[in-house]
Protein chains: 2
Amino acid sequence: MSKFIKPSINDIEISGIRQFNTYASQFPEAIKLTLGELDFNTPKRIKDKAIEALNNNKTRYTTNQGIVELRKKITKDTLFTEDNVILTVGTTEALAIVLKSVVDQDDEIIIPTPGYVGYEPLIHLEGGKVREIDTTKTNNCITKDALEDAYSERTKALLVTSPNNPTGHVLSTEEMAVITQFVTDHDILLVADEIYHDITFELSQSFRDVASLKNRSVILGGYSKSHAMTGFRIGYVIASTELIKGFLKVHQYTVTSTSTISQYAALEAEEFTYSDMVETLKTRRDYVTDTLDHLGIEYIQPEGAFYVFYNISSTGLTSLEYCKQLLQDYGVALIPGEYFLGHHNAYVRLSYAADLTTLKKAMTQIELMHTKIK
Amino acid sequence: MSKFIKPSINDIEISGIRQFNTYASQFPEAIKLTLGELDFNTPKRIKDKAIEALNNNKTRYTTNQGIVELRKKITKDTLFTEDNVILTVGTTEALAIVLKSVVDQDDEIIIPTPGYVGYEPLIHLEGGKVREIDTTKTNNCITKDALEDAYSERTKALLVTSPNNPTGHVLSTEEMAVITQFVTDHDILLVADEIYHDITFELSQSFRDVASLKNRSVILGGYSKSHAMTGFRIGYVIASTELIKGFLKVHQYTVTSTSTISQYAALEAEEFTYSDMVETLKTRRDYVTDTLDHLGIEYIQPEGAFYVFYNISSTGLTSLEYCKQLLQDYGVALIPGEYFLGHHNAYVRLSYAADLTTLKKAMTQIELMHTKIK
């Protein structure tokens, strides 16, 4: 690494997921169920809206905050208004500017695990620490006791993801009540990563609707998953105007604004839910979980997103050993659980961003491996 | 401001330029020569390339670094290769990730002034300091003496902008030699902001061609100005692979990648220079400077970009007083020099991102005001 790069940047490790993907690319014939990107195209009506914007020369800067029409649509029928929104370069940038604005030296952020790997580096970069809560010990739910145990004088925020990556768990009404009480009691901030919000199969609820949290909640959302728009790089953050004022400073100096074309395209995404896609994902979810049931493999019930996090402890292998063996000997790539926040070595993540035929082949191979190990 | 926002973010002030623009918006009839965005549309062939990308479903994530085809085109006929490039969300993000990766607590960054206002907040956020060099004292040129005076043990980098905003000054061959020697002698980094690189009227040269700096130069570029693509949010950083490795970590956690559609559109921008636009800008530049000559008003010779930074000290007014009077009494909005890096109170910035008819009206009003003051 160059000596001009400062130590805290050098300390950021390349994520295990990336490393494993590089390794998996040596097996070009393998079925890859490693992806965080859906196998659906962006709906034509959204692409047409982007084309319309281009033809109408909507190719100049918008305000830093983004076009008011989209901010209005995002907050329609919520407790918030257009003033409470910044349009961002995907949910990634929303997360980056929020953590940059909030996390100070030695601040602690509580995060339930299993969790997304992208949170910790951003918190470390600001000198903060992650306090993990292992939800696999409490039936995959966030409990009051676990939150109180993790709390300290340095706690600045609680960060939750619902639906969760890598588990697909959707926060229940009870969990949301526990969380609301906890952040209110301790006067801390709630950061709710709701990037998978529109991909749920049973229950669907959002912290953007919890009135009592209005001044202490930060909602991160976007269109990458819900409308297969990853390449458009458009997401948003919703928060009180006081918080938005701070986030906007970081946003303007980080990116100025997000793509004007993508902002106009997202206007169309706000007009409909991609229900065909969600239905298809539900069918796949059901197929995978039914098969795991049949094989007697335990998993965390996925209620949203497009992942199944299943337990491999019966094999006696670590999650990396399991994934390497499954890849080398059976031609299926999954992500070892140890690479997610919380290092859950007893689990692996299967992404069902693949068609049913492919999933069936993959599950047959998984069955083969488990039969052989027994 | 919210108590959840940390002090260093609260300390960032909203830029004077923004404040002045808000003030100027109270005069809707006024001629606004305040803009950093050109009055040209994105060329049709670029928009068509974006449309083609949309129709071909090029709407998924690219790699974090960006599509290799564009990185190859950017580095064609240079000392660098595609491995030396990251595609960014405009030059803004390129600057943000570079300063974030390089500037550590108490590091000093030398910046010649007059300069762009966006540098200092990013440096302060990392705990660094700006050491200014006032080039108006040295005939608007960077000299060895001034650089050596600004140097200290804490100097991490020299940041230069060519063509410059707000002056339009283009670094001469002599200045580039002085800079090259200085950063090499002291073993520091050179950050060259070349966002206006393709808008020059006489001399045009780039630090990307200085072989001896290959391992210590960071070149920031983009298409926002050269091809009127501000809303596409696409730029790039060029540096050694060792530096790129560090920048890439910050880039991936800040934005993941920039818009896929914009990356494909920029492929077309790489195919041509927007020479009609540059010719038009040269005509405007000549008109404005000829008029200033005629009025006996001194200015820094603009050789690129689309700004004239002219001296108003003969009026006896501060730059803010001058701009307010010109706006209120004569209906022309310029930006006070005190709002740029270096706080050059004897100057104002006129942007000629406006057609010749508008510029003529504006210059007539400026003449009126100067006649009255005399």
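Here the structure is a predicted model, which is why all the values come from computation and not from measurement.

Here is what the cut-offs are and how they apply
Residues numbered from 1 in each chain as written. Chains lettered and ligands numbered in written order. Predicted model: local features only at pLDDT ≥ 70, side-chain atom pairs only at ≥ 80, totals over all residues. Helix = DSSP H or I, 4+ residues; strand = E, 2+ residues; numbered from the N terminus. Rg over C-alpha atoms; globule rule 2.2 N^0.38 Å. Buried ≥ 20, exposed ≤ 12 C-beta atoms within 10 Å, placed from the backbone. Contact = placed C-beta atoms within 7 Å. Pairing = 2+ DSSP bridges. Axes fitted to C-alpha atoms, helices over the stretch in contact; angles between N-to-C directions. Domains from an automatic or database assignment. Nonpolar A, V, L, I, M, F, W, Y, C, P; charged D, E, K, R; others polar.

**Student:** How would you explain the overall build of chain A if you had to name every residue and give the values?
**Tutor:** Helix and strand content of chain A: 13 helices and 13 strands. Scaling as 2.2 N^0.38, a compact globule of 374 residues should have a C-alpha radius of gyration of about 21 Å, and chain A matches this with 21 Å. Each of the three principal axes of chain A carries a C-alpha extent, and together these read 60 × 55 × 50 Å. When the 374 residues of chain A are sorted by exposure, 52% land in the buried category. Considering only intrachain contacts with a sequence separation of at least 6, the fraction spanning at least 24 residues in chain A is 74%.

**Student:** Hey, could you go over the environment of T260 of chain B for me, with residue numbers and the actual values?
**Tutor:** Mapped onto the secondary structure, T260 of chain B falls in helix α10 (residues 260-269). With 33 residues separating them in the primary sequence, T260 of chain B and D293 of chain B have C-alpha atoms 47 Å apart. T260 of chain B has contacts with G231 of chain A together with K58, T59, R60 and T62 of chain B, leaving out every residue within four places of it along the chain.

**Student:** Can you explain the sheet that holds strand β9 (residues 299-300) of chain B? Please cite residues and give values.
**Tutor:** All names here are of chain B. Within the open sheet, the four strands sit side by side as β9-β10-β13-β12. Their pairing is antiparallel. At either margin of the open sheet sits one strand with a lone partner, and together these are β9 and β12 (335-336). Here strand β10 (residues 307-311) pairs with strand β13 (residues 347-351) via five bridges, running antiparallel. Residue pairing for β13: Y307 is matched across the bridge by S351. Contacting β9, β10 and β13, helix α11 (residues 275-295) runs over the sheet at an angle of about 10° to β10.

**Student:** Describe in detail the pairing of strand β7 (residues 217-222) of chain B, supporting the description with residues and values.
**Tutor:** Residue and element names in this part refer to chain B. Across the six residues of β7, six count as buried, placing the element largely inside the fold. On β7, burial covers both faces: S217, I219 and G221 on one face and V218, L220 and G222 on the other are all buried. Of the strand pairs in this sheet, strand β6 (residues 189-193) and β7 are connected by four bridges, and their pairing is parallel. Counterpart to V191 in the pairing with β7 is V218. Of the strand pairs in this sheet, β7 and strand β8 (residues 235-238) are connected by four bridges, and their pairing is antiparallel. Along β8, the bridge assignment pairs L220 with V237.

**Student:** Run through the domain arrangement of chain A, naming residues and quoting values.
**Tutor:** All names here are of chain A. Split into domains, chain A comes out as domain 1 (7-41 + 274-373) and domain 2 (44-269). Relative to domain 2, the C-alpha centre of domain 1 lies at a distance of 25 Å. Between domain 1 and domain 2, the contact holds 31 residues from the first and 33 residues from the second. Elements that contribute at least two residues to the side of domain 1 that touches domain 2 include exactly α11 (275-295), β10 (307-311) and β13 (347-351).

**Student:** Just give me the short version of the sheet that holds β13 of chain A, but keep the residues and values in it.
**Tutor:** Residues and elements named next belong to chain A. As summarised here, the arrangement of the four strands in space is β9-β10-β13-β12, forming an open sheet in which the pairing is antiparallel. Unpaired on one side and paired on the other, β9 (299-300) and β12 (335-336) mark the two borders of the sheet. The strands touched by helix α12 (residues 319-330) are β12 and β13; relative to β13, the strand with the most contacts, the crossing angle is about 45°.

**Student:** A description of the interface of chain A and chain B should follow, citing residues and the corresponding values.
**Tutor:** Taken residue by residue, the interface counts 55 residues in chain A and 55 residues in chain B. Of all the elements in the fold, those that place two or more residues in the side of chain A that touches chain B are α1 (7-10), α3 (44-55), α5 (90-102), α6 (119-125), α9 (241-255) and α10 (260-269) of chain A. Broken down by element, the side of chain A that touches chain B gets its largest block of residues, nine residues, from α9 of chain A. Broken down by class, the residue content of the side of chain A that touches chain B amounts to 22 nonpolar, 22 polar and eleven charged.

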